[in-house]
Amino acid sequence: MLIEQQTHHQPATEIGAPLIICPGFHDRSWTEAFLHNVSFPETHPIWLFPTDKYPACSGIHLLEFVQSCMGDDGRQKPGAVSSYSPPILIGFSAGVVGAMQAAWAWQQLGGQIAAILAIDGWGVPLVSEIPCYRLSHDFFTHWSSALLGSGHDSFYAVPEVTHADLWQNPQRVEGRWISRNRDSEPQSSTAAAFIQKIVRRHETLAPVKTME
């Protein structure tokens, strides 16, 4: 399978948690805009699930993709030059369905997932031991999705934006950050800042290993 990985401009001494991007049913340019506008640190490998070849909501195909990236047992793959810490799955729309299914199956096989970010995964339950975070394009989606599990922290756009804009232009989407601690007041944030901070929250660096 194709593994599309963000390159590093300079040799890295540590590698961050891999980010496995699980798009929905949409044009590839949407996801390219998302990656450009969130601007993840270069220490993170970024692996893009090829939805031009496999259904976005297919947990089976996404599981195979995770296995091909991480190695079947989650350890270093033969011929690899580094080992990876548990990945963070970032799903959008139908991709949230695949992400939740694949994460559950990966755990059943003994693998680990650091966190899941569910972006506009309306109607997808977030009932898992894995830390899960919801982002919604409006309050109704935020409220109604929470009935199926609000996860840890969550974010919704204020004012509301389109489903497409939340994915393509998260840096422009203003909204409310709701803490898992329900006694805390909602904080103002952008969707991009929310995503960046959650990724940092679950940051795990693994030292680069050189081949003998």
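Keep in mind it's a predicted model, so treat the numbers as computed, not measured.

Cut-offs used in this document
- Residues numbered from 1 in each chain as written.
- Predicted model: local features only at pLDDT ≥ 70, side-chain atom pairs only at ≥ 80, totals over all residues.
- Heavy atoms only, no water.
- Buried < 20%, exposed > 50% of the residue type's maximum accessible area, 1.4 Å probe, protein only.
- Helix = DSSP H or I, 4+ residues; strand = E, 2+ residues; numbered from the N terminus.
- Pairing = 2+ DSSP bridges.
- Right-handed = clockwise from strand over helix to strand, strands pointing away.
- Axes fitted to C-alpha atoms, helices over the stretch in contact; angles between N-to-C directions.
- Contact = heavy atoms within 4.5 Å.
- Salt bridge = Lys/Arg side-chain N within 4 Å of Asp/Glu carboxyl O.
- Phe/Tyr/Trp six-rings, centres within 6.5 Å; stacked < 30°, edge-to-face > 60°.
- Parallel < 35°, antiparallel > 145°, perpendicular 65-115°, else oblique.
- Left-handed = near helix turned anticlockwise from the far one by under 90°.
- Nonpolar A, V, L, I, M, F, W, Y, C, P; charged D, E, K, R; others polar.

(A) Representation of the pairing of strand 4 (residues 88-92) in the model. In terms of burial, strand 4 is largely enclosed, as five of its five residues are buried. Where burial is concerned, the two faces of strand 4 agree: the one with Ile 88, Ile 90 and Phe 92 and the one with Leu 89 and Gly 91 are both buried. Bridge count for strand 2 (residues 19-22) against strand 4 is four bridges, and the pairing is parallel. Paired with Ile 20 across the strands is Leu 89, a residue of strand 4. Here five bridges tie strand 4 to strand 5 (residues 115-119), and the two strands are oriented parallel to one another. When the bridges of strand 5 are listed, Ile 88 appears paired with Ala 115. Since strand 4 and strand 5 lie parallel, the crossover through helix 3 (residues 94-108) that links them has a hand, and here it is right-handed.

(B) Region of interest: the sheet that holds strand 5. Ordered in space as 3-2-4-5-6-7-8-9, the eight strands form an open sheet in which the pairing is mixed. The open sheet has two free edges, formed respectively by strand 3 (46-48) and strand 9 (187-190), since each of these has just one partner strand. Averaged over all adjacent pairs, the angle separating strand axes in this sheet is 20°, with direction ignored. Pairing between strand 7 (residues 154-157) and strand 8 (residues 174-178): four bridges, direction antiparallel. What sits directly across from Tyr 156, in strand 8, is Arg 176. Each of strand 6 (132-136), strand 7 and strand 8 is contacted by helix 4 (residues 139-146), which is oriented at about 145° to strand 6, the strand it contacts most.

(C) The pattern of salt bridges, seen in detail. In the structure shown here, the tally under the stated rule is two salt bridges. For the salt bridge of Arg 28 with Glu 32, the shortest nitrogen-to-oxygen distance reads 3.0 Å. With Arg 28 and Glu 32 both in helix 1 (residues 28-38) and four residues apart, the pair spans about one turn of that helix. Where Arg 201 meets Asp 153, a salt bridge forms, and the shortest distance between an N and an O atom there is 3.1 Å. In this pair, Arg 201 is assigned in helix 6 (residues 191-201) and Asp 153 in the loop between helix 4 and strand 7, connecting sequence segments 48 residues apart.

(D) Molecular detail of unusual backbone geometry. Residue Pro 159 is bonded to the preceding Val 158 through a cis peptide linkage, with omega at 0°. Summarising the element assignment, Pro 159 is placed in the loop between strand 7 and helix 5 (163-168). Residue Ser 39 is not a glycine yet carries a positive backbone phi of 60°.

(E) Examining the packing of aromatic side chains more closely. A complete count under the given rule lists 10 aromatic pairs for this structure. On the numbers, 3.9 Å between centres and 5° between planes, the contact of Phe 34 with Trp 167 is stacked. One end of the pair, Phe 34, is in helix 1; the other, Trp 167, is in helix 5, with 133 residues separating them in the sequence. No difference in accessibility class separates Phe 34 from Trp 167, as the two residues are buried. A ring pair is formed by Phe 49 and Phe 65, whose centres lie 5.6 Å apart and whose planes are at 65°; its orientation type is edge-to-face. Linking Phe 49 in the loop between strand 3 and helix 2 (59-70) with Phe 65 in helix 2, this pair joins segments that are 16 residues apart in sequence. Residue classification places Phe 49 among the buried positions, given a relative accessible area of 1%.

(F) Representation of the packing of helix 2 against helix 3 within the structure. In the contact formed by helix 2 and helix 3, the axes pass within 8 Å of each other and the chain directions differ by 55°. As far as their axial angle goes, helix 3 and helix 2 are oblique. Along this stretch, helix 2 crosses helix 3, giving a crossing that reads as right-handed. Across the interface between the two elements, Gly 59, Leu 62, Leu 63, Val 66, Gln 67 and Met 70 of helix 2 pack against Gly 98, Ala 99, Gln 101, Ala 102, Ala 105 and Trp 106 of helix 3. For the contact of helix 2 with helix 3, the per-class residue count stands at eight nonpolar, four polar and no charged.

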